[in-house]
Amino acid sequence: MLPKLLAWTALALVLLFAVLMLTAIFAGSSLGDSAPLLVYWGAVPFLGLGILLAVVLLITSAFSSDT
């Protein structure tokens, strides 16, 4: 149950990262000064949390006794 939850949460965070980055890249001119803030305070933390959850998923599945 825990690996499934970690995997879906990591996937959702990485998808949110992709949406925010594409918004900042393609709509950066219409966002004005808030585009860099969207990247620094929105996209980068989502990417960091997604990577952290993926590493936790790898560690928990390595020590899992299920075959």
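Residues numbered from 1 in each chain as written. Predicted model: local features only at pLDDT ≥ 70, side-chain atom pairs only at ≥ 80, totals over all residues. Heavy atoms only, no water.

Once that is clear, we can look at the overall build of the protein. Within the protein, the secondary structure is distributed over three helices and zero strands. Along the protein, helices (α) and strands (β) appear in the sequence α-α-α when read from the amino end. Taking 67 residues into account, the globule formula puts the C-alpha radius of gyration at 11 Å, and the protein, at 15 Å, lies well above it. Dimensions of the protein along its principal axes, counting C-alpha atoms only, are 50 × 15 × 10 Å. (Helix = DSSP H or I, 4+ residues; strand = E, 2+ residues; numbered from the N terminus. Rg over C-alpha atoms; globule rule 2.2 N^0.38 Å.)

With that out of the way, let us pick up helix α1 (residues 2–26). If you check α1, its first and last C-alpha atoms are 36 Å apart, about what 25 residues at 1.5 Å a residue would give, namely 36 Å. All of the buried residues along α1 are L6, A10, L13, F17, L20 and A24. As for α1, its buried residues are in contact with α2 (28–31) and α3 (34–62). (Expected span 1.5 Å × (residues − 1). Buried < 20%, exposed > 50% of the residue type's maximum accessible area, 1.4 Å probe, protein only. Contact = heavy atoms within 4.5 Å.)

A separate point is the confidence of the model for the protein. Considering every residue of the protein, the mean pLDDT works out to 87; 97% of them sit at 70 or more. Confidence, read as mean pLDDT per element, is least for α2 in the protein (82) and greatest for α1 (90). (pLDDT = per-residue confidence, 0-100.)

Position of K4 relative to the elements: it lies in helix α1. Residue K4 is classed as exposed on the basis of its relative accessible area of 60%. Sequence-wise, K4 and L20 are 16 residues apart; in three dimensions their C-alpha atoms are separated by 24 Å.

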